[in-house]
Amino acid sequence: MPTAGKAALRQQLLATRRSVADDVRADEARALTGHIRALVSSGGTVCAYVPVGAEPGSIEMLDALLRGGGRVLLPVARTDADDTPLELQWGEYRPGRLVAGRFGLLEPAEPWLPPSALAEADLVLVPALAVDRAGVRLGRGRGFYDRSLGRRDPQARLVAVVRDEELVDELPCEPHDVRMTHALTPGRGLVPLGE
């Protein structure tokens, strides 16, 4: 599908997310946090993200990952001088020590780890506007994750975190899209994709 079609789909999905009542969003965040506990292995590394705006998830979800005994890495998004997205850097999550970053994001404080730190994770939680049953993820369109996920451990679970309605039958796919192995939704929990 042409980029213009994906842009329209993004706008539609974002508008739908913004229309969700705060209490529903809070209930969904609690449900996601409950599901997270079963995904963490003690001593493992998890790459996650800090939700922004109406994105599914919460800081409590990150805290649950830490309580599960894992090391939690969060993305640091940067661009080059031409505003082209670079591969994500990573920083360790420390409760209460997030700082304001670009694009309205909260990020871990320095020091940051190089893009290759992603390879240490056995679980990668990825923000998404939607994901389909084949694992095609629709992000916000800048390409930070598609540029970065090639560095993952091939055995790592790539989990798109979405609302139940955002797990759809089919999305437009382009050759550079990295497919997710699972979706995590408030109502369904962890859902295998691409099978």
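Residues numbered from 1 in each chain as written. Predicted model: local features only at pLDDT ≥ 70, side-chain atom pairs only at ≥ 80, totals over all residues. Heavy atoms only, no water.

For the protein chain, the name recorded in an unreviewed UniProt entry is 5-formyltetrahydrofolate cyclo-ligase, with Mycobacterium branderi as its organism. Looking at the Sequence similarities (unreviewed entry) heading of the UniProt record, one finds this comment for the protein chain: "Belongs to the 5-formyltetrahydrofolate cyclo-ligase family." (UniProt positions renumbered as here; feature names shortened; annotations may be inferred.)

**Thoughts on unusual backbone geometry**
Cis peptide bonds are those with omega within 30 degrees of zero, and the linkage from Glu110 to Pro111 qualifies with 10°. Counting through the fold element by element, Pro111 comes out in the loop between β5 (106-108) and β6 (123-127). Backbone geometry at Asp83 places phi at a positive 70°, although glycine is not the residue there. (Helix = DSSP H or I, 4+ residues; strand = E, 2+ residues; numbered from the N terminus.)

**Re the side chain of Glu107**
Locating Glu107 in the fold gives a position in strand β5. A polar atom in the side chain of Glu107 sits 2.9 Å from the side chain of Arg78. (Polar contact = N/O pair within 3.5 Å; in protein donor to acceptor, adjacent residues only side chain to side chain.)

**Topic: the pairing of β6**
Counted residue by residue, β6 has five buried out of five residues, so it is predominantly covered. Burial along β6 is two-sided: Leu123, Leu125 and Pro127 and Val124 and Val126, pointing in opposite directions, are all buried. Here strand β1 (residues 45-47) pairs with β6 via two bridges, running parallel. Within β6, the position partnered with Cys47 by the bridge is Val124. In terms of strand pairing, β6 meets strand β9 (residues 157-161) through five bridges, oriented parallel. (Buried < 20%, exposed > 50% of the residue type's maximum accessible area, 1.4 Å probe, protein only. Pairing = 2+ DSSP bridges.)

**Remarks on the sheet that holds strand β11 (residues 182-185)**
Reading across the sheet, the seven strands line up as β3-β2-β1-β6-β9-β11-β12 and stay open at both edges, with mixed pairing between neighbours. A single partner strand is all that each edge strand has here, and the edge strands are β3 (89-92) and β12 (189-192). Mean inter-strand twist for the sheet, computed between neighbouring axes without regard to direction, equals 30°. Sheet topology places β11 next to β12; four bridges connect them, and they run antiparallel. Of the residues in β12, the one forming a bridge with Ala183 is Val191. Strands β1, β2 (71-76) and β6 of the sheet are contacted by helix α3 (residues 59-67), whose axis makes an angle of about 140° with β2. (Axes fitted to C-alpha atoms, helices over the stretch in contact; angles between N-to-C directions. Contact = heavy atoms within 4.5 Å.)

**Focus on the sheet that holds strand β8 (residues 137-138)**
In sheet architecture, strand pairing relies on hydrogen bonds along the backbone and comes in two forms, parallel and antiparallel. Sheet architecture is open: three strands sit in the order β8-β7-β10, paired in mixed fashion. Every other strand in the sheet has two partners, leaving β8 and β10 (167-168) as the edge strands with one partner each. Two strands pair when backbone bridges link them, and strand β7 (residues 130-132) and β8 are joined in this way by two bridges, in the antiparallel orientation. For Val131, the partnering residue across the bridge sits in β8 and is Arg137.

**Brief notes about the UniProt feature "binding site: substrate" (unreviewed entry) in the protein chain**
Those places that UniProt annotates as "binding site: substrate" (unreviewed entry) correspond, in this numbering, to Val50 and Glu55. With respect to the helices and strands, the residue Val50 is situated in the loop between β1 and α3. For Val50, a relative accessible area of 9% gives the class buried. As for its placement among the helices and strands, Glu55 is situated in the loop between β1 and α3. In contact with Glu55, not counting residues within four places along its chain, are Arg17, Tyr49, Val50, Pro127 and Arg140. Of the polar contacts made by the side chain of Glu55, one reaches the backbone nitrogen of Val52; its length is 3.0 Å.

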